[in-house]
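Residue strings, one per chain:
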Amino acid sequence: MDTDREKGPDFIRQIVAADVAAGKNDGRVQTRFPPEPNGYLHIGHAKAICISFEIASEFDGRCFLRFDDTNPEKEDVEFVEAIKTDVRWLGFEWAELRHASDYFPKLYELAVELIRQGKAYVDSLSAEEIRDFRGTLTEPGRDSPDRNRSIDENLGLFERMRAGEFDEGQYVLRAKIDMAAPNINLRDPTLYRVRKVEHQRTGGEWCIYPMYDFAHTLSDALEGTTHSLCSLEFEDHRPLYDWLIRQLPVPYEPQQIEFSRLNLMYTVMSKRKLKRLVDEGRVSGWDDPRMPTLSGMRRRGYTPEAVRDFISRVGISKNYQVVELGALESSVREDLNENAARRFAVLRPLKIVIESYSEDDEELMEAANHPNRPELGSRTVPFCRELYIEHDDFREDAPKKFFRLVPGGEVRLRYGYIIKCERVIKDADGRVVELRCSHDPATRSGSDQSGRKVKGTIHWVSARHAVPAEVRLYDRLFKVPDPDRAEGDIEDLLNPESLEILSDAMLEPSLADADEGERFQFERQGYFVVETPLSAGHGVLTRTVTLRDSWAKVERQALATAGALA
RNA sequence: UGGGGUGUAGCCAAGCGGUAAGGCAACGGGUUUUGAUCCCGUGAUUCGCAGGUUCGAAUCCUGCCACCCCAGCCA
């Protein structure tokens, strides 16, 4: 689906192509996706994943999956497994699986080497003091009293840090760069801290852990990364990245290139905010179909192909990128339109009785699985005297261009007959509960000799054969386009209609043996995925995305102008 | 008031001194037994603003404005 789209290569691909052409790194290309295993992946990560994996593969290179697991307090194996699942679901396979923790011994050696060179020192300042000594954005920092500690003393102290002789916070290892640097990252950044915590991989082997800048940079350099692709907020870490590579004897010299993160309207992307939604029970979990997480999208019924197509459509740049939901939905529809089999499902049933059709009769109507792809074959749907149609497909007081069923009016039952609404039956409260109709036997689909045409065609299911199921309709999580910047209580920002549960939907019988995860288009409704198979007793279907609905748009505009006139 | 970035249509985004690609959205029209799909068509005299260089500027220079990121022993 994303084959013949013409587009100049983005700025990163241009750089990589130029590097390869110039023979840099012997023409080798190696990238990595380096998540911290402290949460679930979301659509923003999908962008980073696609960039690193696809660029590597386009240049006959390799992409590693490397867990930047340098903060044991926040990390968990649960997350590493979830991340692996998500990356694979997206359709990528890493050349090698690595962990920053694999390099802990080597990293320690390099830290010692830095100390030997007089470019790192052990500092006894407290966290607060370090912050205070760092200065501000506009004022330079001050040197720590420990800055000129002798190399031997630093070596001894660092070794004792590693040996567990000190408490957390008592000492840290700092790079000795420039306390007056205008770039705050260069004001003697902390390289190692003491953490007496079990690490999810190395257990109790270490009690000192490297900081991100040290571990990340040197992991890149150690494993042969050529192009270290990351998001914009690391741009001012690049001088430190380059500094570390310059100081230390590492086998490779990777180049860091930054691009902007992906944001989506009507949702939030930060782990903290997503976690809050989960913790406060706003959603059912990290994989709630309304979440922008990959696991949520998977449950929602999005395909990895659609997600990748979306990522390729939005492109790569350094602009602040906030994409409309419609763009994502367009990619999803494009894929599902092509690949999802069509079925009938009545979401809000209204019973109709075709009085002209014998109680004893029953027919099997042939219905195409895909109107534009005959090779996908067909199934049959049973037809009889009593059917369900969509409640919305009948209107007593219909507006001008409503061409579905109205009292005394006609409509085509798709793959069935033309019917006419003869009588409307209401309950004591005046609600329409049933329609009595007649049909024209000469208008049977496939063998219609009548030559008659009606404006509307609606879907239906046989009341006698229908299988009931629960259908969940999902919509955007927030009602404001940019909840990140919006003011006010989250309560007022959340879309109260982000989930609607329809407990008595009626499905055509062929859906009875649909498998979990199978995707369908319910004609005239949208794309749905099987959350719980009907064979399990209580079937649950999840709406992935609606069909484009130009009628809804017309009606909305009509209402708006009517409202404006009133 | 320091440093690092970014400003091209409603949302993305090409463009790399030779006269504004493409996608999504929107709006017309055609086909249609899904108001779906599909097909055709429509939008920037103008690129944050103001100057300058040039035969020629979104592209180069200067100044200004707006927005984003940075003061974790998080990543």
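Residues numbered from 1 in each chain as written. Chains lettered and ligands numbered in written order. Predicted model: local features only at pLDDT ≥ 70, side-chain atom pairs only at ≥ 80, totals over all residues. Heavy atoms only, no water.

Visitor: Please provide a residue-by-residue account of the sheet that holds strand 5 (residues 172-175), values included.
Guide: One open sheet accounts for four strands, arranged 4-5-6-7; its pairing is antiparallel. The sheet terminates laterally at strand 4 (120-123) and strand 7 (208-210), the two strands that pair on one side only. For this sheet, the mean angle separating the axes of adjacent strands, direction not counted, is 20 degrees. (Pairing = 2+ DSSP bridges. Helix = DSSP H or I, 4+ residues; strand = E, 2+ residues; numbered from the N terminus. Axes fitted to C-alpha atoms, helices over the stretch in contact; angles between N-to-C directions.)

Visitor: Give me the lowdown on the packing of helix 11 (residues 304-314) against helix 12 (residues 325-339), citing residues and values where you can.
Guide: Where helix 11 meets helix 12, the closest approach of the two axes is 8 Å, and the angle between their N-to-C directions is 135 degrees. On the basis of the axis angle, helix 11 is oblique to helix 12. Seen from above, helix 11 lies across helix 12 with right-handed handedness. Residue-level inspection shows Glu305, Ala306, Asp309, Phe310 and Arg313 of helix 11 in contact with helix 12, the latter providing Ala327, Leu328, Ser330, Ser331, Val332, Glu334 and Asp335. (Parallel < 35°, antiparallel > 145°, perpendicular 65-115°, else oblique. Left-handed = near helix turned anticlockwise from the far one by under 90°. Contact = heavy atoms within 4.5 Å.)

Visitor: Now, about the pairing of strand 27 (residues 540-546): what can you tell me, with residues and values included?
Guide: Of all seven residues in strand 27, six are buried, a share of seventy percent or more. Two strands pair when backbone bridges link them, and strand 23 (residues 467-474) and strand 27 are joined in this way by three bridges, in the parallel orientation. Pairing of valine 471 across the sheet is with leucine 541, part of strand 27. In terms of strand pairing, strand 26 (residues 526-532) meets strand 27 through six bridges, oriented antiparallel. Residue phenylalanine 528 lies in a different strand from strand 27, and its bridge partner there is arginine 543. (Buried < 20%, exposed > 50% of the residue type's maximum accessible area, 1.4 Å probe, protein only.)

Visitor: Give a detailed account of the protein's contact with RNA strand B, specifying residues and quantitative values.
Guide: With respect to spatial proximity, 73 residues lie near RNA strand B, and among them Ser317, Arg342, Phe403, Ser445 and Arg548 are the closest. Protein-proximal atoms of RNA strand B, defined as those within 4 Å of the protein, fall in sugar or phosphate at a share of 66%. Between RNA strand B and the protein, one listed contact pairs a base oxygen with a backbone N or O atom of tyrosine 415 at 3.3 Å. Measuring from a sugar or linking oxygen of RNA strand B, one finds a side-chain N or O atom of glutamate 523 at 3.4 Å. Looking at the surface near RNA strand B, the elements with two or more residues in it are helix 5 (127-133), strand 6 (190-194), helix 11, strand 11 (321-323), helix 12 and helix 14 (550-565). Partitioned by chemical class, the residues of the surface near RNA strand B number 25 nonpolar, 22 polar and 26 charged. (Near = heavy atom within 4 Å. Polar contact = N/O pair within 3.5 Å; in protein donor to acceptor, adjacent residues only side chain to side chain. Nonpolar A, V, L, I, M, F, W, Y, C, P; charged D, E, K, R; others polar.)

Visitor: Please provide a residue-by-residue account of the side chain of serine 231, values included.
Guide: Looking at the element boundaries, serine 231 is found in strand 8 (residues 227-231). In contact with serine 231, not counting residues within four places along its chain, are Glu258, Phe259 and Arg261.

Visitor: Account for unusual backbone geometry, with residues named and values stated.
Guide: Even without glycine at this site, asparagine 25 takes up a positive phi of about 55 degrees. Along the chain, asparagine 25 turns up in the loop between helix 1 (11-21) and strand 1 (30-33). The phi dihedral of aspartate 188 falls on the positive side, at around 50 degrees, and the residue is not glycine. Examined against the element boundaries, aspartate 188 turns out to sit in the loop between strand 5 and strand 6. With a relative accessible area of 0%, aspartate 188 lands in the buried category.

Visitor: Let's hear about the confidence of the model for chain A: which residues, and what values?
Guide: Scored by pLDDT, chain A comes out at a mean of 96, with 98% of its residues at no less than 70. Per the prediction output, this complex has pTM 0.96; the corresponding ipTM is 0.97. (pLDDT = per-residue confidence, 0-100.)

Visitor: Which residues make up the packing of helix 7 (residues 212-223) against helix 8 (residues 238-247), and what are the values?
Guide: Interhelical geometry of helix 7 versus helix 8 gives an angle of 60 degrees and a closest axis separation of 10 Å. In terms of axis orientation, helix 7 runs oblique to helix 8. Handedness of the crossing formed by helix 7 with helix 8: right-handed. Note on element contacts: helix 8 touches helix 7 through Leu240, Tyr241, Leu244 and Ile245, opposite Asp213, Phe214, His216, Thr217, Asp220 and Ala221.

Visitor: Outline the sheet that holds strand 27, listing residues and values.
Guide: Read from one edge of the open sheet, seven strands run 12-25-26-27-23-24-13, paired in mixed fashion. In the strand order of this sheet, the two ends are held by strand 12 (341-343) and strand 13 (345-346), each with one partner. The pairing of strand 12 with strand 25 (residues 519-522) spans three bridges and is classified as parallel. Among the inter-strand pairings, arginine 343 is bridged to a residue of strand 25, identified as phenylalanine 522. Sheet strands in contact with helix 12 are strand 12, strand 25, strand 26 and strand 27, and its direction is about 115 degrees off that of strand 27.

Visitor: Please give an account of the nonpolar core that cites residues and values.
Guide: Grouped together as the largest cluster of nonpolar side chains are 48 residues, with contacts concentrated most on Ile43, Val87 and Leu264. By size, the runner-up hydrophobic cluster in this structure holds 38 residues, among which are Ile115, Ala175, Leu191 and Leu248. (Core = buried A, V, L, I, M, F, W, Y, C linked by side-chain atoms within 4.5 Å.)

Visitor: Help me get a handle on the environment of glutamate 78, residues and values and all.
Guide: With respect to the secondary-structure elements, glutamate 78 resides in helix 3 (residues 77-90). Look at glutamate 78 and you get partly exposed, because its relative accessible area is 42%. It is 17 Å that separates the C-alpha atoms of glutamate 78 and alanine 100, two residues lying 22 residues apart in sequence. Of note is the side chain of glutamate 78, whose polar atom sits 2.5 Å from the side chain of tyrosine 40.

Visitor: Give me the lowdown on the packing of aromatic side chains, citing residues and values where you can.
Guide: Under the defined criterion, the tally for this structure stands at 19 aromatic pairs. Where phenylalanine 344 meets tryptophan 460, the ring centres are 5.8 Å apart and the plane angle is 65 degrees; that geometry is what we call edge-to-face. Note that phenylalanine 344 is positioned in the loop between strand 12 and strand 13 and tryptophan 460 in strand 22 (residues 460-462), a separation of 116 residues in sequence. According to the relative accessible area criterion, phenylalanine 344 is buried, its value standing at 1%. Taken together, the aromatic side chains of Phe104, Tyr108, Phe158, Tyr192, Trp206, Tyr209 and Phe214 make up a single cluster linked through ring pairs. Against the face of phenylalanine 133 rests arginine 142, its NZ or CZ located 4.3 Å from the ring centre. (Phe/Tyr/Trp six-rings, centres within 6.5 Å; stacked < 30°, edge-to-face > 60°. Lys NZ or Arg CZ within 6 Å of the ring centre and 35° of its normal.)

Visitor: Can you break down the pairing of strand 20 (residues 432-440) residue by residue, with the values?
Guide: Taken residue by residue, a regular strand's side chains alternate between the two faces of the sheet. Along strand 20, eight of the nine residues are buried, which leaves the element largely enclosed by surrounding structure. Where strand 14 (residues 349-354) lies against strand 20, four bridges are found, and the strand directions are parallel. If you follow isoleucine 354 over to strand 20, its bridge partner there is cysteine 437. Examined bridge by bridge, strand 19 (residues 418-426) and strand 20 share eight bridges and lie antiparallel to one another. Its bridge partner being in strand 20, lysine 426 is matched across the sheet by valine 432. Linkage of strand 19 to strand 20, two consecutive antiparallel strands, is achieved through a turn of five residues, within which glycine 430 is found at a positive phi near 85 degrees.

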